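Survey of secondary and tertiary structure
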2 protein chains.
Amino acid sequence: VLRGDITAALRRALIEELAAVGYGRMSVEAVARRAGVAKTAVYRRWGSKPEMVLAIVAEVAERKLSLPDAGSLRADVQVVLRIMAQALEHPLAAQIIPDLLAEAGRDPKIAEALQVALRTAQDEVGGRLIRRAIARGELRADANPELAVDLVVGPVYWRLAVSRRPLPPDQVGALADAVVAALVAGAPA
Amino acid sequence: VLRGDITAALRRALIEELAAVGYGRMSVEAVARRAGVAKTAVYRRWGSKPEMVLAIVAEVAERKLSLPDAGSLRADVQVVLRIMAQALEHPLAAQIIPDLLAEAGRDPKIAEALQVALRTAQDEVGGRLIRRAIARGELRADANPELAVDLVVGPVYWRLAVSRRPLPPDQVGALADAVVAALVAGAPA
């Protein structure tokens, strides 16, 4: 078996184990067992349980949203809402995200890794989407990108990850209309 | 020491312990130790660790928001945003909520208790706030209360509980304006 295959198997095992038992109860032993390798294979790659988890979080941070220009603020918002819905409806994400958020309150290293991951995602959304809308004349140049991210990402996150109600595909349009109205009210063109 | 005092001490100890170590690592022993009582005092009140946690979640659910009529949709939204900001900026809430959300994915009883708590909160917001706005002629009678809750609660939850950036008091007004615009776009009067 190649070295890279073992690393990939360990990453998958970590994500599954994290979703199954949570960060607090997760052990390096159980991850190794799930991957079908010895514990030493973990410690050869990562020094400890937190280091292992941080490496996965950093990976997620690097998977940037490409967000091609969809032509209008409303179309761009719909793309973000669909990407978020797809990600948040994945059962692994639904379990791991709150777990790491809880852990962030107790472990400054986890908190920092999560902040980097979130900042990356927010720069994508707030940066691209808002700057494009300003360039198109849909929003004013002084639009607050932080507030914009909260307005785009917050409702879909609340619905799917907290309240855990589905977002029917035929409601994405209505949500996009509402979000665009909110963005325009926050910074009219 | 009175029986009720011990119960109150145990409730406080449970919340503190939950915030400190998380649901997964929390033990009944540690809660009892923190409260300065014997473990049997816990089992006399609650049968198990999950039962104890569920009892606290149910309590939170019963603490309904009173939400007196503030006179307009915008003013009502501001009140909700301020209440949520106050609750979410509390360090205990910031740690316990994601922890229980993570646990809900693994334990159907926790999931159900959380759903009851959230449904109560959402009925408060979606129900009162939206029905009042319809009565005032600010929103159309077919306003979607589910979408409305997502739009009011989502951005402030994302900002404070996920992204963990503060919401400066002078930005509550701008956020309220944006949320009202979103609500009106979702269901114009």
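It should be noted that the structure appears before, not after, this text.
Summary of the structure given here. Keep in mind that this is a model prediction, so the values were computed, not measured.

About the cut-offs
The residue numbering used here restarts from 1 in each chain and proceeds along that chain's sequence as written. Starting at A for chains and at 1 for ligands, labels are handed out in the order in which the entities are written. Where local features are concerned, this predicted model is filtered to residues with pLDDT of at least 70; where side-chain atom pairs are given and counted, the filter is 80 or more; whole-chain, interface and lining totals use all residues. Computation of side-chain values covers all heavy atoms of the structure but excludes hydrogens and water. Numbering goes from the N terminus for both helices and strands, where a helix is a DSSP run of H or I of at least four residues and a strand is a run of E of at least two. What makes two residues a contact is simply this: any of their non-hydrogen atoms within 4.5 Å. Neither His nor the chain ends contribute to the count of charged residues, in which Lys and Arg are positive and Asp and Glu negative. Positions of charges follow a simple convention, taking NZ of Lys, CZ of Arg, CG of Asp or CD of Glu. Using a 1.4 Å probe, buried area is obtained as the accessible area two parts lose upon being combined, added over both of them. Any carboxyl oxygen of Asp or Glu within 4 Å of a side-chain nitrogen of Lys or Arg constitutes a salt bridge here. We define a polar contact as two N or O atoms separated by no more than 3.5 Å, with the added condition that, inside protein, one atom must be a possible hydrogen donor and the other a possible acceptor, whereas residues neighbouring each other in sequence contribute only through side-chain atom pairs. Under this grouping Gly is polar, as are all residues other than the nonpolar Ala, Val, Leu, Ile, Met, Phe, Trp, Tyr, Cys and Pro and the charged Asp, Glu, Lys and Arg. Stacked, tilted and edge-to-face are the three classes assigned to paired rings of Phe, Tyr and Trp, where Trp is represented by its six-membered ring and a pair needs centres within 6.5 Å; plane angles under 30 degrees give stacked, over 60 edge-to-face, the rest tilted. Each residue's exposure class comes from its accessible area (1.4 Å probe, protein chains only) as a fraction of the maximum for that residue type: buried when under 20%, exposed when over 50%, partly exposed otherwise. Throughout this description, the term charge over a ring refers to an Arg CZ or Lys NZ atom that lies within 6 Å of the ring centre and within 35 degrees of the ring normal. What the bend at a residue measures is the angle between two axes, fitted to the seven residues ending there and to the seven starting there. For the least-squares superposition of copies, only C-alpha atoms count, and only for residues with pLDDT at least 70 in both. By nonpolar core is meant a set of buried Ala, Val, Leu, Ile, Met, Phe, Trp, Tyr and Cys residues that side-chain atoms within 4.5 Å join together. For helices, the fitted line uses only the C-alpha atoms of the stretch in contact; every axis is such a line through C-alpha atoms, and the angle between N-to-C directions lies from 0 to 180 degrees. Roughly parallel here means an angle under 35 degrees, roughly antiparallel means over 145, roughly perpendicular means 65 to 115, and every remaining angle is called oblique. For a crossing to be left-handed, the near helix must be turned anticlockwise from the far one by less than a right angle; the clockwise case is right-handed.

For the rest of this paragraph, the subject is the overall build of chain A. A tally of helices and strands in chain A yields nine helices and zero strands. Seen along its three principal axes, the alpha-carbon backbone of chain A occupies a region of about 60 × 35 × 30 Å. Within chain A, counting contacts between residues at least 6 apart in sequence, those at least 24 apart form 67% of the total. Charge separation in chain A, taken as the distance between the mean sites of 25 positive and 22 negative side-chain charges, equals 5 Å.

Here we come to the interface of chain B and chain A. Across the contact, 43 residues belong to chain B and 43 residues belong to chain A. Contact between chain B and chain A buries roughly 3800 Å² in total, counting both sides, with carbon and sulfur atoms accounting for 57%. Seen at the junction of chain B and chain A, the total is six salt bridges. Across the salt bridge formed by Asp-150 of chain A and Arg-159 of chain B, the nearest N and O atoms sit 2.5 Å from each other. One can count ten residue pairs in polar contact (both at pLDDT 80 or more) joining chain B with chain A. Elements with a contribution of two residues or more to the side of chain B that touches chain A: α1 (3-21), α6 (91-104), α7 (108-136), α8 (145-162) and α9 (172-186) of chain B. Among the residues making up the side of chain B that touches chain A, the classes are represented as 23 nonpolar, ten polar and ten charged.

Next up on the list: the packing of aromatic side chains. What the rule picks out here adds up to three aromatic pairs over all chains. Both rings, one in Tyr-157 of chain A and one in Tyr-157 of chain B, keep their centres 6.5 Å apart while their planes meet at 20°; by these two values the pair is stacked. In this pair, Tyr-157 of chain A is assigned in helix α8 (residues 145-162) and Tyr-157 of chain B in helix α8, connecting two distinct chains. Judged on exposure class, the residue Tyr-157 of chain A and its partner Tyr-157 of chain B are both buried. Note on Trp-158 of chain A and Tyr-157 of chain B: the rings are 5.2 Å apart at their centroids and 70° apart in plane angle, and the pair reads as edge-to-face. Here Trp-158 of chain A, found in helix α8, pairs with Tyr-157 of chain B, found in helix α8, and the two come from separate chains. Judged by relative accessible area, Trp-158 of chain A falls into the buried class, the value being 7%. Its relative accessible area of 5% is what places Tyr-157 of chain B among the buried residues. One residue, Lys-49 of chain A, lies across the ring of Tyr-23 of chain A, its end atom 4.6 Å from the ring centre.

All names here are of chain B. A bend of about 35° at Val-153 is the largest found in α8, and the proline Pro-155 appears one to four places after it. Measuring from the side-chain oxygen of the N-cap residue of α8 to the backbone nitrogen of Glu-146 gives 3.0 Å; that N-cap residue is Asn-144. Phi for Arg-164, located one or two positions after α8, is positive at around 55°.

All names here are of chain A. One pass over the structure, following the stated rule, counts 24 salt bridges over all chains. Its salt-bridge partner being Asp-76, residue Arg-136 comes within 3.1 Å of it at the nearest N-O pair. Placement of Arg-136 in helix α7 (residues 108-136) and of Asp-76 in helix α5 (residues 73-88) is noted, with a sequence separation of 60 residues between them. Assessed through its relative accessible area of 3%, Asp-76 is described here as buried. Bridged by salt links that share partners, the residues Asp-69, Asp-76, Arg-132, Arg-136 and Glu-138 form one connected network.

Overlaying chain B on chain A yields an RMSD of 0.0 Å, the required transformation being a rotation through 180° with an accompanying axial translation of 0.0 Å. In the structure described here, the two chain copies are related by an operation that fits a two-fold rotation axis. The fraction of interface residues of chain B whose copies in chain A are also interface residues reaches 100%, indicating that both copies meet through the same surface.

Turning our attention to the environment of Leu-14 of chain B. Residue and element names in this part refer to chain B. Assignment of secondary structure puts Leu-14 in helix α1. Exposure remark for Leu-14: the relative accessible area of 1% places this residue in the buried category. Distance in space between the C-alpha atoms of Leu-14 and Gln-171 is 34 Å, their sequence separation being 157 residues. What Leu-14 contacts, discounting residues up to four positions off in sequence, is Met-26, Val-31, Met-52, Val-53 and Ile-56.

Counting residues in each nonpolar core, the largest one holds 124 residues, and the members touching the most others are Val-77, Tyr-157 and Leu-183 of chain A together with Val-77, Tyr-157 and Leu-183 of chain B. Once residues lying within four places of it in the same chain are set aside, the contact partners of Tyr-157 of chain B are Tyr-157, Trp-158 and Val-162 of chain A together with Met-84, Leu-88, Ile-97, Leu-101 and Val-162 of chain B.

A few words on unusual backbone geometry. Phi is positive for Arg-164 of chain A, which is not a glycine, with a value near 55°. Residue class for Arg-164 of chain A comes out partly exposed when judged on its relative accessible area of 28%.

All names here are of chain A. Put simply, α8 and helix α9 (residues 172-186) touch, their axes get as near as 9 Å, and they point 155° apart. As summarised for this structure, α8 and α9 are arranged roughly antiparallel, according to the angle between their axes. Regarding α8 and α9, the two cross each other, and that crossing is right-handed. For the pair formed by α8 and α9, the contact residues are Ala-148, Leu-151, Val-152, Pro-155 and Val-156 on the first element and Leu-175, Val-179, Ala-182 and Leu-183 on the second. When its residues are assigned to classes, the contact of α8 with α9 shows nine nonpolar, no polar and no charged.

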